[in-house]
Structures are given as C-alpha cells and as structure tokens.
Amino acid sequence: MDFNNQSLSWDNEKRVKRAKVIAAEIAAAVELRANFCAMEFGCGTGLISFNLNNKVKEITCIDTSQGMIDIVKTKIQKQQVINIKPYLCNINEDDQFKPEYDLIYTSMALHHIVDIETTLTNLYKLLKQEGYLCIVDLDEDDGTFHKLEEDFTGHHGFNQPELQKVLERIGYYEVESHTFYHDVKPIDDSSVKYSLFIMVGRKR
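Cut-off values and rules
Residues numbered from 1 in each chain as written. Predicted model: local features only at pLDDT ≥ 70, side-chain atom pairs only at ≥ 80, totals over all residues. Heavy atoms only, no water. Salt bridge = Lys/Arg side-chain N within 4 Å of Asp/Glu carboxyl O. Helix = DSSP H or I, 4+ residues; strand = E, 2+ residues; numbered from the N terminus. Buried < 20%, exposed > 50% of the residue type's maximum accessible area, 1.4 Å probe, protein only. Pairing = 2+ DSSP bridges. Right-handed = clockwise from strand over helix to strand, strands pointing away.

### Section: the pattern of salt bridges
Then comes step 1: Counted according to the given criterion, the structure contains 7 salt bridges.
Then comes step 2: Put simply, Glu13 and Lys17 hold a salt bridge, and the shortest N to O gap is 3.0 Å. Of this pair, Glu13 and Lys17 are both found in helix H2 (residues 13-30), 4 residues apart, which corresponds to roughly one turn of the helix. As far as burial versus exposure is concerned, Glu13 and Lys17 are alike and both exposed.
Then comes step 3: With a closest N to O distance of 3.0 Å, Glu117 and Arg169 form a salt bridge. Of the two residues, Glu117 sits in helix H4 (residues 116-126) while Arg169 sits in helix H5 (residues 160-170), which places them 52 residues apart along the sequence.

### Considerations on the pairing of strand S2 (residues 58-63)
Side-chain direction in a regular strand flips from residue to residue, so the side chains alternate between the two faces of the sheet.
Then comes step 1: When you tally the buried positions in S2, you get 5 out of 6 residues, the bulk of the element.
Then comes step 2: When strand S1 (residues 37-41) meets S2, the two strands line up parallel, connected through 5 bridges. Each residue of the ladder has a partner; that of Phe41, found in S2, is Ile62.
Then comes step 3: Chirality of the crossover, the property in question, places the unit of S2, helix H3 (residues 66-79) and strand S3 (residues 84-88) among those that are right-handed.

### Some points on unusual backbone geometry
Then comes step 1: Positive phi, normally seen in glycine, also occurs at Glu130, with a value near 75°.
Then comes step 2: Mapped onto the elements of the fold, Glu130 is located in strand S5 (residues 127-138).
Then comes step 3: Under the relative-accessibility criterion, Glu130 is labelled partly exposed at 33%.
Then comes step 4: At Glu174, a position not held by glycine, the phi torsion is positive, near 50°.
Then comes step 5: Its place among the elements puts Glu174 in strand S6 (residues 172-187).
Then comes step 6: On the basis of relative accessible area, Glu174 is assigned to the exposed category, the value being 52%.

Shape descriptors only; they carry no functional weight alone.
Spelled out as structure tokens, the structure:
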C-alpha cells in the first residue's frame, strides 16, 4: 500500500469513528495520566493521538510515510495543538529517541511489519520501567482483509496467544488481551467481517 498517496483521503468517516472507539479503549486499558509522555508508533494521520492528547502531557507521533506526517502537521496547525510532536522515522533504523515514554501505542500498524519481534524489541527499549505497550490490531484472518493489496507482505492479523508469547519473550510482563471491536470491510461485492483486539504489556 502506498501510504503517501493514501494519506490525503485516509480520514474517511469510518476511520474517524473507529479511531474514537480505539482511543477510548486504550485510555481505559492503561488508565492514562496527565503526566504521561506517550508515543504512537505508525501514527498515520494521527487519528488516535488527536483523541488522546488532552489526556496526557505529550505525544510523539512517528511514521515512515512523509504523506501521513504532513497531514499530522497540518492538523496540528489547524487545531493549534501544542503537545503532539510528529517525526518521520523508522524505529528500526533511527536511534534519536530516548527511553522516556510511559506509554507506547500502535493501532493497525503492526500487521504491516514483517519482522515484528525486532520492532517490538526496539519499542521496549524506549519505554520507562513499568511503562505500557498497547497494541491494537486485527485478529488473525485468512488473508481476505488485504486480498486487494497485491503488494501486501505483512501479517494477516495476529493470533493473540502467539503474539503474547512474542511480547513475553522480549521481556514484557502482565500481558493481557481481548477482542473489543467488530465491523465489516467492503471488498469487491461482499462485506467481510473483521475484528480488532487490544493487547497491553509492561516493561520490567
């Protein structure tokens, strides 16, 4: 998927509504505090973060798509937001960030990454001790969700127990997850059901 081209039309009604539900689920799962420094990994146009920024001290938004980051910057200016900081960044190649985050969250981004263990390890390094990692992503499917994307090389969602083992192997503890969202995606002439889970772990 070419996220640079997709960025201009990304914020459709369905994604905007879904983002509000996801943000509320994240806020409830980790009990956000006003002094939290947070990071959104794979922020896209910032839909989740613009629903959470009034609950925390600051949010660092990172993405590998210049188009998406440009949209975040435009929103910041229009909404006069001062506590969201966008960066064009590949977390596996860039070491500009320090381990200062109380919370790192990611929504619908992890399944696009082939080597998730390296990425989750690098995110672990950026958390403070006892900091939270919060993953929102697709429950495992048969590949239908991305079947129209011929260049898709990521994961067809995740098996929650298997992903939990990956997190625990890295060092995350108190890892818990549950499915919280159900919807349909129009594909060709049909509507394909899908669901999202939230998984939360902490850094030792």
